[in-house]
Amino acid sequence: MELVSKDIINELFNYQLPYIDGNINFWMIRTKKGYFFEEYIENGYVALGWNIIDLNTNVGEIKKDELEIIKKNITEIYGDKRPGQAISKCKKFIYELKIGDIAMILGIQDKSIAFAQIGEYYEEENLSEEEEIDTITKIDREEVEIFSVNCPYKKRRKINVIKIIRYDDLHIKLLKVLSSYQGICNLNNYGKYILDMIYPIYYWREAFSFQMNINTSKPIDLTSITKVMQSVDYYVKNVMDEKELSVMLNLNSKGVISFTSGKRNNDKKYDAKKDEANFRNKSKNSKTVIALVCLYGIISGGQIGNIKVPSPIDLYKQIKTINIEIEKEKVDLELQKKNLESKQLENYDQKLELYNEMKKSGFFDDEVEEYLEQLQQYGANLLMGDSENDK
C-alpha cells in the first residue's frame, strides 16, 4: 500500500466544500461577437450598450410619457426597431443583476466561455453615444480586427472570473441558450448546468452535486458504466446515508455523469439562511462531507480541489487506521504537558468522534471497500478523472 502523507490527510479532513447561495441568479452576457471578451476578462468587468440610458435615466421607475420619449430617441440614435427590448435589457443590467450572481460570458464562437461572479455597478462617464455608435458600426461592418477596439459602453459591472472553458466543453444543455442573441438574458432555469461547469463538487439548494468525467474517446463499455453507477449508488445510500441519488447522463465519448445526492429544493419558498446554517452545521466535522470528498477523490482520479491524492484507494485504507494515530498523538501531547491549549486536545477529540461516527456508519466496512475498488477499476476503463477544464 502506498502511504499518503499526513499533510494530504489533514487537507482532506479540512477541505471546504463549495457552498452556493441558493438565492443567486444566473445570466448570459455577450461581448459583441467576442470583440470585448479579452478586455472584460483582463480588466474584470462586463458592460452593456445604449449609452443614452444610465442611472440618471431611472428606467426602473420612469413614467409612461417619458418612456415613450426614450423609445423614440433609441430608434433615432441607434436605429433599433424594438426600443422596448433595449430598455428592458438596461433595466436588467442596472437593477436586476445582483452582487454574487453568476454570469456566463461568451467569447468568440468556437473558442472561450468564461464564468464569473457579478460585482457592483458603475458607469464610465467619459463615453458618449457618438463614440459607441462609431465603434459598433465598425465592428458590424468588419472594418476593425477582433480585440483591436476598446469597449465603448458606459454601463458596467465588476466581475470576478471563476473559470474559463472551451466552447467544445460546454454542457449540452447550455448549447441551446447560445441561440439567444440578446446582450443579456436570465439563465435561472439552467443554474445547475452552469454550476456543473464551474464546480466538480458543490452544495446548492439542500443537495450535494458531483461530476464524473468520462474522458475516453472510444465507444463506452456498458459493463463499466453499469458497475460505476452501481458502486456510487451503494456508497451514497449506505455510507453517506442519503436516501436519494439522481443522475444526469451525457454519454458522449467524451462525456459526463452528474450525480445529485439528496433532493434539491427548487421551491420559491426556499429559505437560503436556514439552508446555509444546515450546511455549515453538516459540514463541520461531518462524515457525510468526508465520505463525499473521499468518493470524489476516486471519481476524479485523485484530484480534490488543489489536493492531489496519489492513490485514492490507498488513502481510504490509510484513513481506516487513523484513529490509532490520533489516539497516540493525543496521549503524547498529554504526557508532554507543554501548556497545551484546551482547543488542541479538543481537535483530537473531534477527530476521534468523527472517525467513530464514520466507522459506525459503515464507512470502513469491507463491502464498502470492495465497491470503491470496483469503482476505481471500471472507472479506469472510461478514463474517469478530471476534464481538461479542471486541470
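Note that the structure is a prediction, hence the values are computed from the model and not measured.

Basis of the calculations
- Residues numbered from 1 in each chain as written.
- Predicted model: local features only at pLDDT ≥ 70, side-chain atom pairs only at ≥ 80, totals over all residues.
- Heavy atoms only, no water.
- Helix = DSSP H or I, 4+ residues; strand = E, 2+ residues; numbered from the N terminus.
- Buried < 20%, exposed > 50% of the residue type's maximum accessible area, 1.4 Å probe, protein only.
- Contact = heavy atoms within 4.5 Å.
- Areas by Shrake-Rupley, 256 points an atom, 1.4 Å probe, with all protein chains shown as cover.
- Expected span 1.5 Å × (residues − 1).
- Arc of directions from axis to C-beta.
- Salt bridge = Lys/Arg side-chain N within 4 Å of Asp/Glu carboxyl O.
- Axes fitted to C-alpha atoms, helices over the stretch in contact; angles between N-to-C directions.
- Left-handed = near helix turned anticlockwise from the far one by under 90°.
- Nonpolar A, V, L, I, M, F, W, Y, C, P; charged D, E, K, R; others polar.
- 1 Å grid on protein atoms, 1.4 Å probe; cavity = no way out; pocket = protein on both sides within 12 Å on 5 of 7 lines; lining within 4 Å.
- Points joined across faces, edges and corners; volume = space filled by probe spheres on them.

1. Focus on the overall build of the chain
(1) Moving on: Counting its regular elements, the chain contains 14 helices and 14 strands.
(2) Moving on: Within the span of the chain, comprising 391 residues, buried residues form 51% of the whole.
(3) Moving on: For the chain, the share of sequence-separated contacts (at least 6 apart) that also reach a separation of at least 24 residues comes to 78%.
(4) Moving on: Accessible surface computed for the chain: about 20600 Å², of which carbon and sulfur atoms make up 44%.

2. What about helix H9 (residues 272-283)?
(1) Moving on: Over its twelve residues, H9 runs 16 Å from end to end, which matches the ideal 16 Å to within 8%, given 1.5 Å per residue.
(2) Moving on: Taken together, the buried positions of H9 are Ala 272, Asp 275 and Phe 279. On an axial view of H9, the arc spanned by its buried residues comes to 60°, and they lie on one face. Turned more than 90 degrees away from the buried face of H9, the exposed residues are Lys 273, Lys 274 and Asn 281.

3. With respect to helix H8 (residues 222-238)
(1) Moving on: Between its terminal C-alpha atoms H8 stretches 24 Å, which fits the 24 Å expected from 17 residues at 1.5 Å a residue.
(2) Moving on: Where H8 is concerned, the buried positions are Ser 224, Ile 225, Val 228, Ser 231, Val 232, Tyr 234, Tyr 235 and Val 236.

4. As for the pattern of salt bridges
Opposite charge on two side chains lets them pair, provided their charged atoms get close.
(1) Moving on: Per the stated rule, a full pass over the model turns up twelve salt bridges.
(2) Moving on: Asp 140 is paired through a salt bridge with Lys 32; the nearest N and O atoms lie 3.0 Å apart. One end of the pair, Asp 140, is in helix H5 (residues 129-140); the other, Lys 32, is in the loop between strand E2 (26-29) and helix H2 (37-43), with 108 residues separating them in the sequence.
(3) Moving on: In this structure Asp 140 comes out as partly exposed when scored by relative accessible area, which is 41%.

5. Remarks on the packing of H8 against helix H14 (residues 366-381)
(1) Moving on: Look at H8 against H14: their axes get within 8 Å of each other, and the N-to-C directions meet at 150°. In the packing of H8 onto H14, the handedness of the crossing is left-handed. Counting all contacts with H8, which are made through Thr 223, Ser 224, Lys 227, Val 228, Gln 230, Ser 231, Val 232, Tyr 234 and Tyr 235, the residues of H14 involved are Glu 367, Val 368, Tyr 371, Leu 372, Gln 374, Leu 375, Tyr 378, Gly 379 and Asn 381.
(2) Moving on: Considered class by class, the residues forming the contact of H8 with H14 number nine nonpolar, seven polar and two charged.

6. What about the layout of surface pockets?
Any empty space left between the atoms is revealed when a probe the size of a water molecule rolls over them.
(1) Moving on: Quantified by volume, the largest pocket comes out at close to 930 Å³.
(2) Moving on: Lys 32, Asp 140, Tyr 153, Tyr 181 and Gly 183 are the residues nearest the centre of the largest pocket, which is lined by 30 residues in total.
(3) Moving on: Sorting the residues of the lining of the largest pocket by element identifies strand E3 (45-48), helix H3 (64-78), helix H4 (83-96) and H5 as the ones contributing at least two each.
(4) Moving on: When residues of the lining of the largest pocket are assigned to their parent elements, the largest contribution, five residues, is made by H5.
(5) Moving on: Of the residues that constitute the lining of the largest pocket, the class distribution is 13 nonpolar, nine polar and eight charged.

7. Remarks on the side chain of Ser 261
(1) Moving on: Positionally, Ser 261 belongs in strand E11 (residues 255-261).
(2) Moving on: On the basis of relative accessibility, which here comes to 1%, the residue Ser 261 falls in the buried class.
(3) Moving on: What Ser 261 contacts, discounting residues up to four positions off in sequence, is Ala 207, Phe 208, Phe 210, Val 236, Met 240, Glu 242, Glu 244 and Leu 245.

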